[in-house]
Amino acid sequence: MPDVDLGSTPLRELNAALHRLHPDTNERHWLIDHPAGRHAIAAGLNAPITVEINGPVGYYCAGMNQLATVLVHGSAGVGVAENMMSGFVHVSGDASQSAGATGRGGLLRIDGNASSRCGISMKGIDIVVRGSVGHMSAFMAQAGNLVVFGDAGDSLGDSIYEARLFVRGQVKSLGADCIEKEMRDAHKRALHGVLERAGFNGEVDASEFRRYGSARKLYNFHVDNAGDY
Amino acid sequence: MCGIVGLFIKDPSLEPELGRLTAAMLATLSDRGPDSAGFAVYGAGKAGETKLTLRAATPEAMTETAKRISHAFEDAVATAHDTHAVVSLPDDAVPELIAWLARELPEIEVVGRGRRMEVYKEVGRPDTVAARFDLAAMTGTHAIGHTRMATESAVTTDGAHPYSTGGDQCLVHNGSLSNHNNLRRVLAREGFKFETENDTEVAAGYLSWKMREGLSLDDALKVSLDDLDGFYTFVVGTENGFGVLRDGIACKPAIMAETDRYVAFGSEYRALAGLPGIEHSRIWEPEPATVYFWER
């Protein structure tokens, strides 16, 4: 099992080694120590490996991830798992702004809080936040699920397209064109599936969540909505 | 981009480390702001005495200036640090010294004034700037610092932060203000003079104006949310503490850590990573449009 100390190994060297891995590599479990908030750790992975990072990471950790499992034992800076395509990213602490931004697939689980713009422009990723999310979360969200166990800040789901938002706690305010929607059995089943994939097997009751989504009034320009743009 | 840092010490046994820790925080944020750097350090002060921080174009000019001040004012103690000097003198002698400087050495700038605050800033990489002034050897209760990537005005020492907003008060800023030209005109009518085209100097002037009108720093920061347009994270130093404010959108990054021994602010976690006991600290992001303040 490769064990890389970023206190002594240059970050570019680590990322280059991870990028060189073939899908059938035998080096399937990597340990990384002393990340000290460095940026872009384990970004751009494209192999079914597991990377465990012991400590807080900086910007864009696990960005563009495909296939890999990235476990951060600590907090994450701006844009963790941004533009993720597939795979699983798990942050045990808090995440800063724009967690999971523009993600197209895979699952991002955050055990602490995520700050503003969590899931901004998400395009198919599933994001599960055990704590709360900050303002402007799911801004222009297009597809995927954002699940929040705690509260959501101002303007949740502003200018949202077709992503599904599930919040168990309070929503401070909804953004333009975002409305609460009925939580039907099909949604509960879908949410249960997301929770199960995030590792919350039976611990959380899907019926405790409320569902939010697009009113679909801003899709086409209408002069009466001019003030909402 | 720019980087800002702040360190407020709660445990007096850590005070001798203030300069060393702040220098390391600034050096880490060199790549957020390689153009210039500056910092304010709150060290020892004496009742009845004022510290003026002066800045000259060259170290030689400052050595000469310090000599002339010591010669002309027998109560004043002038200590030169590279291009800067700290002059300690009785409060009532301050107007006389400032008038004398304007007359005899108009090229010398007063960059800070207060009981405890000393302000240093220069063009260059932050680690180089910190080394020039030997920040690592400085001691005190708190410090704030800035690494600048210039966007709104030229790379000059005048454009380097911190900007002093009044006695023992100064401001560092990450972001850009979009209504600073208009606000500068308003403040000019109120009698404020500006040395630069810099947006942060306007923000500093704005806070000074509000406090001149009777608001506390806390309240001045609160009303600034209505009057300042743009993206900003401010860290403000005062004689006894420091404050933090982010605009309502909170685009500019900010992270804080608190332990029993200190409260620290950084644009990024990286800046805090070397602080003692950081792994057991409480770490959080300051909320938008919320004023935070620590005093001791």
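What you see is a predicted model; the values in this text were computed from it and never measured.

### Side note on the overall build of chain A
Helix and strand counts for chain A stand at 2 helices and 11 strands. Taking 17 Å as the expected radius of gyration for a compact globule of 229 residues, we find that chain A reaches 18 Å, a close match to that expectation. Principal-axis analysis of the C-alpha atoms places the extent of chain A at approximately 60 × 40 × 30 Å. Scored against the burial criterion, the 229 residues of chain A give a buried share of 51%. Contacts spanning at least 24 positions in sequence make up 24% of the contacts within chain A whose residues lie at least 6 apart.

### Details of the sheet that holds strand β6 (residues 109-114) of chain B
Residues and elements named next belong to chain B. Spatial ordering of the open sheet is given by β4-β5-β3-β6, a layout of 4 strands whose pairing is antiparallel. Both outer strands of the open sheet, β4 (77-81) and β6, are each paired with one neighbouring strand and no more. Neighbour-to-neighbour, the strand axes of this sheet turn through a mean angle of 20°, independent of strand direction. The sheet contact formed by strand β3 (residues 49-55) and β6 spans 5 bridges and is antiparallel. By the bridge assignment for β6, Lys51 is matched with Gly114. Packing of helix α2 (residues 59-72) onto the sheet brings it into contact with β3, β4 and β5 (84-90), and relative to β4 it is tilted by some 175°.

### Some points on the nonpolar core
A:Ala42, A:Cys61, A:Ile127, A:Val129 and A:Val147 are the most contacted members of the largest nonpolar core, which has 68 residues in total. For this core, the element with the most residues is strand β7 (residues 123-129) of chain A, which contributes 4 residues. Look past the residues within four positions of A:Ile127 in its chain and what remains in contact with it is A:Ala99, A:Gly100, A:Leu108, A:Cys118, A:Gly119, A:Met122, A:Leu146 and A:Val147. Among the nonpolar cores identified, the runner-up in size contains 64 residues, and B:Ala160, B:Val172, B:Val235 and B:Ala254 belong to it.

### So, the packing of helix α6 (residues 199-212) of chain B against helix α7 (residues 217-227) of chain B
Between two packed helices, the angle of one axis relative to the other and the distance separating the axes together describe the packing. Residue and element names in this part refer to chain B. Between α6 and α7, the shortest axis-to-axis distance is 9 Å and the interhelical angle comes to 125°. Our classification of the angle between α6 and α7 gives oblique. You can see that α6 and α7 cross each other, and the crossing is right-handed. Here Tyr206, Leu207, Lys210 and Met211 of α6 come into contact with α7, specifically with Leu217, Ala220, Val223, Ser224 and Asp227.

### Quick notes on the interface of chain B and chain A
Residue-level contacts link 9 residues of chain B with 12 residues of chain A. Among the residues forming the side of chain B that touches chain A, the class breakdown is 6 nonpolar, no polar and 3 charged.

### A short note on the sheet that holds strand β9 (residues 164-167) of chain A
Residues and elements named next belong to chain A. Pairing is mixed in the open sheet, where 11 strands are placed in the order β1-β2-β3-β4-β5-β6-β7-β8-β9-β11-β10. What marks the edges here is a single partner per strand, and that holds for β1 (3-5) and β10 (178-181). Neighbour-to-neighbour, the strand axes of the sheet open up by a mean angle of 15°, direction not taken into account. The sheet contact formed by strand β8 (residues 143-148) and β9 spans 4 bridges and is parallel. If you follow Val147 over to β9, its bridge partner there is Phe166. Across the sheet, helix α2 (residues 185-197) touches β6 (107-110), β7, β8, β9 and β11 (210-214), and the angle it forms with β8 is around 75°.

### Remarks on the domain arrangement of chain B
Residues and elements named next belong to chain B. As far as domains go, chain B holds domain 1 (3-44 + 124-295) and domain 2 (45-115). A separation of 24 Å is found between the C-alpha centroids of domain 1 and domain 2. Between domain 1 and domain 2, the contact holds 9 residues from the first and 9 residues from the second. For the side of domain 1 that touches domain 2, the class distribution of residues is 4 nonpolar, 2 polar and 3 charged.

### Comments concerning the packing of helix α5 (residues 180-189) of chain B against α6(B)
Residue and element names in this part refer to chain B. One can describe the packing of α5 onto α6 by two numbers: an axis separation of 10 Å at closest approach and a directional angle of 40°. Accordingly, the angle class assigned to the pair α5 and α6 is oblique. Classified by chirality, the crossing of α6 by α5 is left-handed. Here α5 contributes His180, Leu183, Arg184 and Leu187 to the contact with α6, which in turn contributes Asp199, Val202, Gly205, Tyr206 and Trp209. Classifying every residue of the contact of α5 with α6 by side-chain character gives 5 nonpolar, 2 polar and 2 charged.

### Some points on the pairing of strand β13 (residues 255-258) of chain B
All names here are of chain B. Across the two faces of β13 the burial differs, with Ile255 and Ala257 buried and Met256 and Glu258 not buried at all. Of the strand pairs in this sheet, β13 and strand β14 (residues 262-266) are connected by 4 bridges, and their pairing is antiparallel. Bridging from a neighbouring strand, Ile255 pairs with Gly266 of β14. Linkage of β13 to β14, two consecutive antiparallel strands, is achieved through a turn of 3 residues. Relative to strand β15 (residues 282-284), β13 runs antiparallel, the two sharing 3 bridges. Bridge pairing in β15 links Ala257 to Ile283.

Cut-offs and rules
Residues numbered from 1 in each chain as written. Chains lettered and ligands numbered in written order. Predicted model: local features only at pLDDT ≥ 70, side-chain atom pairs only at ≥ 80, totals over all residues. Helix = DSSP H or I, 4+ residues; strand = E, 2+ residues; numbered from the N terminus. Rg over C-alpha atoms; globule rule 2.2 N^0.38 Å. Buried ≥ 20, exposed ≤ 12 C-beta atoms within 10 Å, placed from the backbone. Contact = placed C-beta atoms within 7 Å. Pairing = 2+ DSSP bridges. Axes fitted to C-alpha atoms, helices over the stretch in contact; angles between N-to-C directions. Core = buried A, V, L, I, M, F, W, Y, C linked by C-beta atoms within 7 Å. Parallel < 35°, antiparallel > 145°, perpendicular 65-115°, else oblique. Left-handed = near helix turned anticlockwise from the far one by under 90°. Nonpolar A, V, L, I, M, F, W, Y, C, P; charged D, E, K, R; others polar. Domains from an automatic or database assignment.

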